[in-house]
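Reading the structure
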Amino acid sequence: MALNIIIDKSTFQSLSYNELLRLTYYYKHNITPILVMEILGDLKKEAKDGNPPSQNRVIDFATKLFPSSTIVNEPYFNAITSELSLDRPIEMDGRPMVNIGKAVQTKDGAKGWVVGQTPEENAVYQWRDGKFTEADLALSELWRNTTTQEDILINLKKQLQEVGEKIKLKNFEELANYVQDSIDDPKNQQLLLMDLCRSSKINVFTSMRLLKYWQSKGRPLIKNIFPYAYHILKVNTLFHVGLKCGLISTRPTNKVDLEYLYYLPFCNIFTSNDHLHVNLAPLLLREDQVFIKGVDLKADLSTINEKLEKLGEEEKGKYKKAPPIEPNSFTFNMYNKFFDYPDGFQWRIPSKPLPKEELIRKMEEFISAADGKPIDLKHGDDGEFVVRKSYISKKDPCMCGSGKLVIECCMTEQQFDDAARQQATKRTDNAN
Ligand SMILES: [Zn+2]
């Protein structure tokens, strides 16, 4: 059970190292590929007076993406193509959508999943060490050129205004109603479904199969049969109609910011300072999801940090897994809402934790299973465990949650180097 949060770049760059660290104690940071891309985009940003050189900015940002307490979501187009190709249903319950590498089995016969690493995750690990490839630089350049192209949305707006009726909408509430009526109109469903296939680059055969399937089910509303495709459709329609009637501005970065909204189903909480997000996110979130402005989240984390700083080490340690009880705190209120904290919270902690040796033995069993041969387990089958490997560097905060660097806490630098060497040998052994 975790509180999954998606953070856009405006909020991400506003949070200090310590605020982000505090955030990872209480939330699972679901990193969207668009955030990774935006961070890389800074690489080719020209350094302005008083600002650190762009390369250092990217290293700084990558260092704030703590690998052991974050997860990188799969790119949204994997989800939309999977759903429209009838490959697998997309679960939209606030959990991140991760790249399942393979199913495996332990010696004792327990079955589970291994989470594969995404290219974005690998890239971030490299950037932390200041390693940028030629491809990173080229991609960054391309990204900057396309995202700063002034007329991109001006042209789109013109095109939208040339087709169909003129739309007059006064505010975002009217926009929401207009869009809802239009995408839920039974007469529009077939056309919308085909449009979705086209914009998601689904090939003709797959599109036809989808259409047949949809007809065989009695032509239901898209929202009742393809929930993720419906979400994408709603985001895009809100954006296009909003642009057409002038509620949404033609600022070129709006196109980039739109992409965060595609990931909303995979979080419990979304945070941003961006205008577009502030206006559109509330129209797109489910009732059990929450939007908070980045400045408010920052203030909350900073207040918690200040409060805890005044406490002694032992007292402070109590708040590693749950926030201080503070009726005005956003984080506290989220814990209260989602976990019935503090009263109903005890269940999250196992009544009898396994002894340390037993825990290590179990972990080793899972790790060795993860390195083993894949077994046949269907998507959607629960499995008994999930293994996700993550890396830690000397510059990372300790996994015990002390807030200190790992080599100043649970491991000496010597132990760290030994462990790293061991892992490296293991990797070359596997490769041979
Ligand atoms: Zn530690």
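Computed from a predicted model, the values in this text were never measured in an experiment. Sequence order as written defines residue numbering, which begins from 1 separately in each chain. Predicted model: local features are reported for residues with pLDDT of at least 70 only, side-chain atom pairs are reported and counted for 80 or more only, and whole-chain, interface and lining totals are derived from all residues. With hydrogens and water set aside, each side-chain value is computed from the structure's full complement of heavy atoms.

Strand order in this open sheet of five strands is β3-β2-β1-β6-β7, and the pairing throughout is parallel. Only two strands of the sheet have a single partner each, and these edge strands are β3 (70-72) and β7 (290-293). The mean angle between the axes of side-by-side strands here comes to 30 degrees, regardless of whether they run parallel or antiparallel. Paired strands, as defined in this entry, are two strands with at least two bridges between them according to DSSP. The secondary structure listing takes helices from DSSP runs of H or I that are at least 4 residues long and strands from runs of E that are at least 2 residues long, numbered from the N terminus. In terms of strand pairing, strand β6 (residues 269-272) meets β7 through four bridges, oriented parallel. Looking at the pairing, Phe270 lines up with Phe291 of β7. Note on definitions: angles span 0 to 180 degrees between N-to-C directions of axes, and those axes are lines fitted to C-alpha atoms, for helices only across the stretch in contact.

Another aspect to go through is the packing of aromatic side chains. Ring pairs shown here join Phe, Tyr and Trp side chains whose ring centres sit within 6.5 Å, with only the six-membered ring taken for Trp; geometry is labelled stacked below 30 degrees between planes, edge-to-face above 60, and tilted in between. As enumerated under the stated definition, the model contains 14 aromatic pairs in all. Geometrically, the ring pair formed by Tyr17 and Phe66 is edge-to-face, given 5.4 Å between the ring centres and 85 degrees between the ring planes. Residue Tyr17 is located in helix α2 (residues 17-26), and its partner Phe66 is located in the loop between α4 (54-63) and β3; the two are separated by 49 residues in the primary sequence. With a 1.4 Å probe rolled over the protein chains alone, any residue whose accessible area is under 20% of its type maximum counts as buried; one over 50% counts as exposed, and the rest are partly exposed. Residue Tyr17 is classed as partly exposed on the basis of its relative accessible area, which comes to 30%. When the centroid spacing of 5.8 Å and the interplanar angle of 45 degrees are considered together, the rings of Phe270 and Phe291 count as tilted. One end of the pair, Phe270, is in strand β6; the other, Phe291, is in strand β7, with 21 residues separating them in the sequence.

Taking every second residue as pointing to the same face, the buried face of strand β8 (residues 385-388) carries Phe385 and Val387, while none of Val386 and Arg388 on the other face is buried. Note that strand β5 (residues 111-115) and β8 share four bridges and pair parallel. Bridging across to β8, Gly112 finds its partner in Phe385.

To continue, consider the side chain of Lys9. Inspection of the secondary structure puts Lys9 in helix α1 (residues 9-14). It only takes one pair of heavy atoms within 4.5 Å for two residues to be counted as in contact. Every residue in contact with Lys9, bar those within four places of it in the chain, is listed here: Leu35, Glu38, Ile39, Asp42, Arg57, Phe61 and Tyr260.

Turning next to the domain arrangement of the protein chain. Bring the parts together and some accessible area is lost; that lost area is often taken as the interface size. Considered domain by domain, the protein chain is made up of domain 1 (1-75 + 118-149 + 263-349), domain 2 (154-251) and domain 3 (392-432). Here the C-alpha centroids of domain 2 and domain 3 sit 49 Å apart. Where a domain begins and ends is set by an automatic assignment or by a domain database.

Our focus in this paragraph is the nonpolar core. We call a set of buried Ala, Val, Leu, Ile, Met, Phe, Trp, Tyr and Cys residues a nonpolar core when their side-chain atoms join them within 4.5 Å. The biggest cluster of nonpolar side chains holds 101 residues, and the ones touching the most others in it are Leu23, Tyr27, Trp127, Tyr228, Leu261, Ile269 and Leu280. Counting residues per element, this core draws most heavily on helix α13 (residues 227-244), at 10 residues. Viewed by domain, this core spans two of them, domain 1 (1-75 + 118-149 + 263-349) and domain 2 (154-251), each represented by three or more residues. If near-sequence neighbours (up to four positions away) are discounted, Tyr27 is found in contact with Leu3, Ile5, Ile269, Leu297, Phe330 and Thr331. Listed in part, the seven residues of the second largest apolar core include Val104, Val114, Ala370 and Phe385.

Attention shifts here to the packing of α13 against helix α14 (residues 253-262). Packed helix pairs are characterised by how far apart their axes lie and by the angle those axes make with each other. Where α13 meets α14, the closest approach of the two axes is 10 Å, and the angle between their N-to-C directions is 155 degrees. Considering their axes alone, α13 and α14 lie roughly antiparallel with respect to each other. Read as a crossing pair, α13 and α14 show a hand that is right-handed. Counted together, Tyr228, His231, Ile232, Val235, Asn236 and Phe239 of α13 and Asn254, Leu258, Leu261 and Tyr262 of α14 form the full contact between these two elements. Across the contact of α13 with α14, the residue classes tally to seven nonpolar, three polar and no charged. Just so you know how the angles are binned, under 35 degrees is roughly parallel, over 145 roughly antiparallel, 65 to 115 roughly perpendicular, and the rest oblique. Less than a right angle of anticlockwise turn of the near helix away from the far helix marks a crossing as left-handed, whereas a clockwise turn marks it as right-handed. Amino acids outside the nonpolar list (Ala, Val, Leu, Ile, Met, Phe, Trp, Tyr, Cys, Pro) and the charged list (Asp, Glu, Lys, Arg) are all regarded as polar, and Gly is one of them.

At a minimum axis separation of 8 Å, helix α3 (residues 33-41) and helix α7 (residues 134-147) run at an interaxial angle of 95 degrees. By the angle between their directions, the pair α3 and α7 is classed as roughly perpendicular. Contacts from Ile34, Met37, Glu38, Leu40 and Gly41 in α3 reach Asp136, Leu139, Ser140, Trp143 and Arg144 in α7. Looking at the contact of α3 with α7 residue by residue, the class counts come to five nonpolar, two polar and three charged.

Moving on to the pairing of strand β1 (residues 4-7). Side chains of β1 alternate between two faces, with Asn4 and Ile6 and Ile5 and Ile7 buried alike. Here two bridges tie β1 to strand β2 (residues 28-31), and the two strands are oriented parallel to one another. When the bridges of β2 are listed, Ile5 appears paired with His29. Bridging between β1 and β6 involves three bridges; their strand directions are parallel. By the bridge assignment, Ile6 is partnered in β6 with Phe270.

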